[in-house]
Amino acid sequence: MSIKELGTYAKNTWCPGCGNFAILNTIKMVLDELKAETGSLQNVVMISGIGCHAKIVDYVNVNSFYSIHGRVVPVAEGIKLANPGLKVIGFAGDGDAYGEGLEHLLFAAKRNIDITMIIHNNRVYGLTTGQYTPTSPLGFKGRSTPFGTMEKPINPLEIMLSSGATFIARGYSNKMDLLKDTMKQAIMHKGFSVVDVLQVCATFYNMYDYYNSKTYELFNHKPDDYASALAKIREWDYNSDSPIGLGVFYKKEEPVFDDKFRMVSPEKPDRQTRINELLKESI
Ligand SMILES: Cc1ncc(C[n+]2csc(CCOP(=O)(O)OP(=O)(O)O)c2C)c(N)n1
Ligand code: SF4
């Protein structure tokens, strides 16, 4: 399979200039490398939510599941627990992950379940045409806040760190080489990994110029040190005018939930025997 063969027949409906294109092309490059290294993409599953970002699963020719708004994480967790041999990669918008689905994200991080979440963080609801999200800056003017939001944004990376995520990173849709390296590291990490991708919505919140001038690749940073990670994560709070670090902020090896879950789960009863027993009981 080549990168071309990873495409599908589905017509792409994203706006010209949308950062989702970079994320799509990046995941294809990562999958292409995984195919070359492992020989198959049979064990890869992509899951998405609802929103512009979610169409990504329509455009990549691997096993996929289109879930509902805010529910990418529980679907991904269910798939991983049902078949631990799978590489499970969830794609969610910032409204999806940090609004509707935040609680699921916290618990997945707390459990250290071995899934990857790629968050397309355009800091706006794209599909529903420009409402503010949990990471829109204070004063953001959109469809639902014509006079500007009166709330400060959350820092999702800080929330992920305090919830127990063992791999926390940030990418930017206009820095694809770094994004590819970061996404691949996240996917290869054993444990809960999250990559917040600053994904520019060209139509409702065009931040290319700003991010181009503010983003930099982390250097001399110790991702295995919690205090250093927290300090770096706090450098930009999604509201201030500070430099915006890109790359891996935190990385730690810890036992994963799926292994622990299997250790305490009783042996699966033979399905047919159980069906026969139930039939006998009900006749
Ligand atoms: C529970 C629920 N609430 C609201 C909606 C309506 N809705 C569909 S897409 C969307 C916004 C998606 O925004 P985001 O997750 O940031 O993704 P983007 O479109 O920006 O990629 C909303 C509010 C929905 N489908 N389900
Ligand atoms: S509305 Fe924004 S996020 Fe949605 S496709 Fe257009 S540019 Fe991309």
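Quick note: structure is the one above.
Residues numbered from 1 in each chain as written. Chains lettered and ligands numbered in written order. Predicted model: local features only at pLDDT ≥ 70, side-chain atom pairs only at ≥ 80, totals over all residues. Heavy atoms only, no water.

Participant: Account for the site of ligand 2, with residues named and values stated.
Facilitator: Around ligand 2, a shell composed of Trp 14, Cys 15, Cys 18, Cys 52, Asn 122, Gly 126, Gln 199, Cys 201, Ala 202, Thr 203 and Phe 204 is seen. Its residues assigned to classes, the shell around ligand 2 shows 7 nonpolar, 4 polar and no charged. (Near = heavy atom within 4 Å. Nonpolar A, V, L, I, M, F, W, Y, C, P; charged D, E, K, R; others polar.)

Participant: Could you give me a rundown of the site of ligand 1, with the residues and numbers involved?
Facilitator: In the neighbourhood of ligand 1, 16 residues make up the surrounding shell, with Cys 52, His 53, Asp 96, Gly 126 and Leu 127 lying closest. Within the backbone of Gly 95, an N or O atom sits 3.0 Å from an oxygen atom of ligand 1. Take Val 124: an N or O atom from its main chain is 3.2 Å from an oxygen atom of ligand 1. About the coverage of ligand 1: the protein hides 73% of its 590 Å² of free accessible area. (Polar contact = N/O pair within 3.5 Å; in protein donor to acceptor, adjacent residues only side chain to side chain. Areas by Shrake-Rupley, 256 points an atom, 1.4 Å probe, with all protein chains shown as cover.)

Participant: Kindly report on the packing of aromatic side chains, identifying the contributing residues and their values.
Facilitator: On inspection of all chains with the given rule, the structure shows 9 aromatic pairs. Over the face of the ring belonging to Phe 257 we find Arg 111, whose NZ or CZ atom lies 5.8 Å from the ring centre. (Phe/Tyr/Trp six-rings, centres within 6.5 Å; stacked < 30°, edge-to-face > 60°. Lys NZ or Arg CZ within 6 Å of the ring centre and 35° of its normal.)

Participant: Provide a residue-level description of the sheet that holds strand 3 (residues 87–93), including the pertinent values.
Facilitator: Ordered in space as 2-1-3-4-6-5-8-7, the 8 strands form an open sheet in which the pairing is mixed. Looking along the sheet, the strands with just one partner apiece sit at the ends: strand 2 (63–66) and strand 7 (215–217). Taken over all neighbouring pairs, the strand axes of this sheet differ in orientation by 20° on average, direction set aside. With 5 bridges joining them, strand 1 (residues 44–48) and strand 3 adopt parallel strand pairing. Opposite Val 44, over in strand 3, you have Lys 87 as the bridge partner. (Pairing = 2+ DSSP bridges. Helix = DSSP H or I, 4+ residues; strand = E, 2+ residues; numbered from the N terminus. Axes fitted to C-alpha atoms, helices over the stretch in contact; angles between N-to-C directions.)

Participant: Please provide a residue-by-residue account of the layout of surface pockets, values included.
Facilitator: Over the atoms rolls a probe the size of a water molecule, and its path tells where empty space is left. Estimated volume of the largest pocket: approximately 200 Å³. In terms of lining residues, the largest pocket is bounded by 17 residues, among which Ile 50, Gly 51, Tyr 125, Gly 126 and Leu 127 are the most central. For the lining of the largest pocket, a count of residues per class yields 5 nonpolar, 10 polar and 2 charged. (1 Å grid on protein atoms, 1.4 Å probe; cavity = no way out; pocket = protein on both sides within 12 Å on 5 of 7 lines; lining within 4 Å. Points joined across faces, edges and corners; volume = space filled by probe spheres on them.)

Participant: Got a sec to walk through the pattern of salt bridges? Specific residues and values, please.
Facilitator: According to the stated counting rule, one finds 13 salt bridges in the structure shown. Between Lys 180 and Glu 33 there is a salt bridge, with the nearest N and O atoms lying 2.6 Å from each other. Of this pair, Lys 180 sits in helix 6 (residues 176–188) while Glu 33 sits in helix 1 (residues 20–38), and the two are 147 residues apart along the sequence. Residue classification places Lys 180 among the partly exposed residues on the basis of a relative accessible area of 21%. Residues Glu 254 and Lys 252 are paired through a salt bridge, measuring 2.9 Å at the closest nitrogen-oxygen approach. Residue classification places Glu 254 among the partly exposed positions, given a relative accessible area of 34%. Note on Lys 252: relative accessible area 35%, which makes it partly exposed. Among the charged side chains, a salt-bridge network with shared partners connects Glu 33, Glu 37, Lys 180 and Lys 184. (Salt bridge = Lys/Arg side-chain N within 4 Å of Asp/Glu carboxyl O. Buried < 20%, exposed > 50% of the residue type's maximum accessible area, 1.4 Å probe, protein only.)

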